[in-house]
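The chain contents come next:
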Amino acid sequence: MKRLLFLTLPALVWAESYEQILRYLDDSLVMKSARQMKQAVYEMAKSAEGKNLPTLDADFTAVRLKETPTATFHLGAAPTKAPMGKKNNFEGALTLKYPIFTGFAITASIDKATWQHKQATLKVSDLKRNLYLSATQLSSAIDATDHKLDALKKAKDATDAALEKAQGLYDNGLLPPADLYNIRAKSYEIEAQITDAASQKSQLLNTLSQMTGHIIESVDLYGDSMPLDKETLEKEALSKREDIRALQAALRVKEEDIRLAKSRYYPTIGAAAALKRRGDTLKLNGNGIMNADESYLGASLSWNLFNGFSDKHTIEAARLQKLSSATSLLDYKNRVKRELDNAFLQLGSLKSRLLSAKMEVKAKEEYYKLTEGRFENQLASADELSRAIADLAAARAKVSALKSQIFNQKASIWLMGGLESFKNGFSLPSV
C-alpha cells in the first residue's frame, strides 16, 4: 500500500534557496583548492621565519685510507718517515650556527612571506566574492526562466482553450479552416518555446550544480536588499574590497623586495660553535697522534665591496616594479569606481523598465480579454487572438525577467562593495 501511495504521489522538487547555494560555494572544489594553496603559502611564511633562528646540525663521517699518513723528516744522512695518522678515521660533530646580522635580509624575507600569505588569504576571499557573483547571475537567470515557463504554460492553456472553441466553431461551419490551423500552429509554437525554455533552464542548473558541487534542481530566489547608497558603497569598496586589499598586499611585497635588494649593501655576520671529536674507532677518543677533541667557537664576517653595479640595478628594478604596482592599483581603483557608477545607472534603468513592463502587462491582459470575447462572437480573427495570447505571455515573461535582473543587480552591487558589504547589506547574515 505504501509503495502504491509512493508511486501515485507527484515527484517533489526541492528548491534550493539562494542562501543555501552560497553556502554550497564555500565548500566547492574551487574553494577547497584555493584554501589549500593559501595554506601552502602560510607554510612558506613559517618556513621564512625559521631563517631567523639558529640551526643545529649533526655530522658523522667515516673514512678508511689506502695508506697510513706519514711525514718525512730529514735528520742526518737518511730521511726518516713517521706516522701522522691512522688508516681508519671517524669524525663526529654537533654544530650550532646563528646569523647575527644579514643586512636586514632575513627580516625582509620574513615580512615578504607574511605579506604573501596575507595576499593569498585575500585572493581566496575575492575568489569567493566572484563565485557569489557568478552564482547570483545563474540563479537570477534560472528564476527568470522559471517565470518564463510559467508565462508560456499559461499561454499554452489559453491557446488550447481557444483551440477548443475554434474547433467547435469550425465543426459548426462558423470558422474557416485557415483560422483553425492558425490557432493550432500557435499551440505547437508555444509548446516548442516551452521545450526550449526548459532546455535553457536545465543547462543553467547543470552549470550551477557543477559550480556548487551539489545537484541543484530548482532555485528559490529571495533576498532583502538594504537601501543602496552609491557614495557609501564606493568608500567600502575602495577600503575593504578583497581584490583591492590583495593588490595593496602585493605592493607591500614589492617594498620588501626593495629591502632585500638593499641588504646586499651591508656585511653579514655569523657565529658558530661545535662539539667535535675524532678518532680511529667509533669511540672518537683520538688516534694516538691527533687531538680527540676538536670543538670550537667562531665568528665570520663577509662584505661584498664591489660586484659590477649589480646591486644598484637590482634595487632600481625592485623600485620600478613597486612603482608599476602602485600605478596599477590606482588604475584598478578608478575602474572599480566606474563599474559601480555603471551598475547604479543600470539598476535605475531596470527599475524604470519594470514599471513600464507592468503597465504593459495590464494593457495586454485587457486586450487579450477583449480579443477573446470578440473571437467568440466572430468579430476577431484567429490570428488576432493568437497574437494577443503571445503578446500577453511575452509581457508577463518580461516583467519576471526584469524582477530577476533587479535582484541580480542589487546583489551584484553589494558584492562589488566586498563580501562584508554584501553580508551586511543583502540580509543574508548566515552566509
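Look up a bit, the structure's there.
Read on for a plain summary of the structure. (Residues numbered from 1 in each chain as written. Predicted model: local features only at pLDDT ≥ 70, side-chain atom pairs only at ≥ 80, totals over all residues. Heavy atoms only, no water.)

## Some thoughts on the packing of aromatic side chains
Under the definition given, this model contains seven aromatic pairs. Consider the rings of Phe-104 and Tyr-266, whose centres lie 5.5 Å apart with planes at 85°: the pair is edge-to-face. A residue pair is termed long-range when its members are at least 10 positions apart, and Phe-104 in the loop between β5 (88–101) and α4 (105–171) and Tyr-266 in the loop between α7 (242–262) and β7 (268–279) qualify at 162 residues. Judged by relative accessible area, which is 39%, Tyr-266 ranks as partly exposed. A ring pair is formed by Tyr-132 and Phe-422, whose centres lie 6.0 Å apart and whose planes are at 55°; its orientation type is tilted. With a gap of 290 residues between them, Tyr-132 in helix α4 and Phe-422 in helix α10 (residues 419–425) connect regions that are remote in the sequence. (Phe/Tyr/Trp six-rings, centres within 6.5 Å; stacked < 30°, edge-to-face > 60°. Helix = DSSP H or I, 4+ residues; strand = E, 2+ residues; numbered from the N terminus. Buried < 20%, exposed > 50% of the residue type's maximum accessible area, 1.4 Å probe, protein only.)

## Examining the environment of Gly-425
Among the structural elements, Gly-425 can be located in helix α10. For Gly-425, a relative accessible area of 3% corresponds to the buried category. Taking the C-alpha atoms as reference, Gly-425 lies 9.7 Å from Lys-410; in sequence the two are 15 residues apart.

## A few points about the packing of α7 against helix α8 (residues 310–376)
Close contact between α7 and α8 brings their axes to 8 Å; oriented N to C, the two are set at 170°. In terms of axis orientation, α7 runs roughly antiparallel to α8. On the side of α7, the interface is formed by Asp-243, Ile-244, Leu-247, Gln-248, Leu-251, Lys-254, Glu-255, Asp-257, Ile-258, Ala-261 and Lys-262, while α8 contributes Thr-314, Ile-315, Ala-318, Arg-319, Gln-321, Lys-322, Ser-325, Ala-326, Leu-329, Tyr-332, Lys-333 and Val-336. Classifying every residue of the contact of α7 with α8 by side-chain character gives eleven nonpolar, four polar and eight charged. (Axes fitted to C-alpha atoms, helices over the stretch in contact; angles between N-to-C directions. Parallel < 35°, antiparallel > 145°, perpendicular 65-115°, else oblique. Contact = heavy atoms within 4.5 Å. Nonpolar A, V, L, I, M, F, W, Y, C, P; charged D, E, K, R; others polar.)

## Let's talk about the side chain of Ser-209
Looking at the element boundaries, Ser-209 is found in helix α5 (residues 177–212). For Ser-209, a relative accessible area of 14% translates into the label buried. At a separation of 2.9 Å, a polar atom in the side chain of Ser-209 contacts the main-chain amide nitrogen of Ile-216. Dropping the residues within four chain positions of it, Ser-209 is found in contact with His-214, Ile-215 and Ile-216. (Polar contact = N/O pair within 3.5 Å; in protein donor to acceptor, adjacent residues only side chain to side chain.)

## Quick word on a nonpolar patch on the surface
Taken together, the side chains of Tyr-98, Ile-100, Ile-269, Leu-301, Trp-303, Leu-305, Phe-306 and Phe-309 make up a nonpolar region of the molecular surface, amounting to roughly 930 Å² of accessible area. Mapped onto the elements, Ile-100 comes out in strand β5. (Patch = residues over 30% accessible without salt bridge, like charges linked within 9 Å, V, L, I, M, F, W, Y side chains within 5 Å. Areas by Shrake-Rupley, 256 points an atom, 1.4 Å probe, with all protein chains shown as cover. Salt bridge = Lys/Arg side-chain N within 4 Å of Asp/Glu carboxyl O.)

## Concerning the nonpolar core
Residues Tyr-18, Leu-208, Val-219, Leu-340 and Phe-422 are the most contacted members of the largest nonpolar core, which totals 47 residues. Those residues in contact with Val-219 that sit more than four places away from it in its chain are Ala-15, Glu-16, Ile-21, Ser-139, Ile-142, Asp-146, Leu-205 and Leu-208. (Core = buried A, V, L, I, M, F, W, Y, C linked by side-chain atoms within 4.5 Å.)

## Here we look at the pattern of salt bridges
Taken as a whole, this structure holds 32 salt bridges when the rule is applied. Two residues, Lys-128 and Asp-26, come together in a salt bridge whose shortest N-O distance is 3.8 Å. With Lys-128 in helix α4 and Asp-26 in helix α2 (residues 18–26), this residue pair connects regions lying 102 residues apart in the sequence. Both residues of the pair, Lys-128 and Asp-26, count as buried. Where Glu-242 meets Arg-129, a salt bridge forms, and the shortest distance between an N and an O atom there is 4.0 Å.

## Some thoughts on the pairing of β5
Pairing geometry for strand β2 (residues 55–64) and β5, over ten bridges, is antiparallel. By the bridge assignment, Leu-56 is partnered in β5 with Leu-96. With eleven bridges connecting them, β5 and β7 associate as antiparallel partners. Its bridge partner lying in β7, Lys-97 is registered against Ala-272. (Pairing = 2+ DSSP bridges.)

## Looking at α4
Note: α-helices contain 3.6 residues per turn, so residues at a spacing of three or four share the same orientation. Helix length check: α4, at 67 residues, gives a terminal C-alpha distance of 96 Å against a target of 99 Å (1.5 Å per residue), a fit within 8%. Backbone geometry just after α4 places Gly-173 at a positive phi near 70°. (Expected span 1.5 Å × (residues − 1).)

## Comments concerning the packing of helix α3 (residues 29–49) against α4
When two helices pack together, their arrangement is given by the angle between the helix axes and by the axis-to-axis distance. Direction vectors running N to C along α3 and α4 enclose 170°, while the axes themselves pass 8 Å from each other. Classified by the angle their axes make, α3 and α4 are roughly antiparallel. Counting all contacts with α3, which are made through Val-30, Met-31, Ala-34, Arg-35, Lys-38, Val-41, Tyr-42, Met-44, Ala-45, Ala-48 and Glu-49, the residues of α4 involved are Ser-109, Ile-110, Ala-113, Thr-114, Gln-116, His-117, Ala-120, Thr-121, Val-124, Leu-127, Lys-128 and Leu-131. Looking at the contact of α3 with α4 residue by residue, the classes come out as 14 nonpolar, five polar and four charged.

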